[in-house]
Amino acid sequence: MHIDLPERRYYAIGEVAKAFDVNTSLIRFWEKEFDVLKPKKNAKGNRKFTPEDIKNLKLIFHLVKERGFTLEGAKIHLKEGKKETLSNFEIISKLEDIRNQLTKIKEHL
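Bear in mind that the values here come from a model prediction, so they are computed numbers and not experimental data.

Chemist: Lay out the overall build of the chain in plain terms, naming residues and giving numbers.
Modeler: The secondary structure content of the chain amounts to four helices and three strands. For the chain, the sequential pattern of α-helices and β-strands runs β-α-α-β-β-α-α. For the chain, the spread of C-alpha atoms along the principal axes amounts to about 50 × 35 × 20 Å. Taken over 109 residues, the chain has a buried fraction of 31%. Sequence separation of at least 24 residues holds for 55% of the intrachain contacts in the chain that already meet a minimum separation of 6. When the accessible surface of the chain is totalled, it reaches about 7600 Å², and 51% of it is carbon and sulfur. Here the chain contributes 23 positive and 17 negative side-chain charges, whose respective centroids are spaced 5 Å apart.

Below, the structure written as structure tokens:
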């Protein structure tokens, strides 16, 4: 899964939802369900997601949407083996990025 977000300190919920191709309500729901998501809120109450939140969202998205975990299963998986899961997920993400780059290079040949 490749999320195309510019590198910044904070992201609005709308741009996060668009990058993941989901509704903002799903992002808000996951925020309530998963303790690892803690976006900052400004005076108006608008959520501002940090790069760490985006990393956790990628992991949650991977477990729930791509691997088919239930929410409870994803929560348990994150709590019990977060370090191992995160490590495996990071490796998969890097490999997917490499594949995307190689595909782009091949198209330009």
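Chemist: Please provide a residue-by-residue account of the packing of aromatic side chains, values included.
Modeler: Scanning all chains against the criterion turns up two aromatic pairs. When the ring of phenylalanine 20 is compared with that of phenylalanine 61, the centres are 5.7 Å apart and the planes differ by 50 degrees; the resulting orientation is tilted. One end of the pair, phenylalanine 20, is in helix α1 (residues 13–20); the other, phenylalanine 61, is in helix α3 (residues 51–66), and 41 residues separate them in sequence. Relative accessible area serves as the criterion here: at 3%, phenylalanine 20 is assigned to the buried category. Ring plane angle 75 degrees and centroid distance 6.4 Å describe the contact between tryptophan 30 and phenylalanine 61, whose orientation is recorded as edge-to-face. With a gap of 31 residues between them, tryptophan 30 in helix α2 (residues 24–33) and phenylalanine 61 in helix α3 connect regions that are remote in the sequence. When sorted by exposure, tryptophan 30 lands in the same class as phenylalanine 61, which is buried. Members of the aromatic cluster, each reached through a chain of ring pairs, are Phe20, Trp30 and Phe61.

Conventions and cut-offs
- Residues numbered from 1 in each chain as written.
- Predicted model: local features only at pLDDT ≥ 70, side-chain atom pairs only at ≥ 80, totals over all residues.
- Heavy atoms only, no water.
- Helix = DSSP H or I, 4+ residues; strand = E, 2+ residues; numbered from the N terminus.
- Buried < 20%, exposed > 50% of the residue type's maximum accessible area, 1.4 Å probe, protein only.
- Contact = heavy atoms within 4.5 Å.
- Areas by Shrake-Rupley, 256 points an atom, 1.4 Å probe, with all protein chains shown as cover.
- Lys, Arg positive; Asp, Glu negative; His and termini not counted.
- Charge placed at Lys NZ, Arg CZ, Asp CG, Glu CD.
- Phe/Tyr/Trp six-rings, centres within 6.5 Å; stacked < 30°, edge-to-face > 60°.

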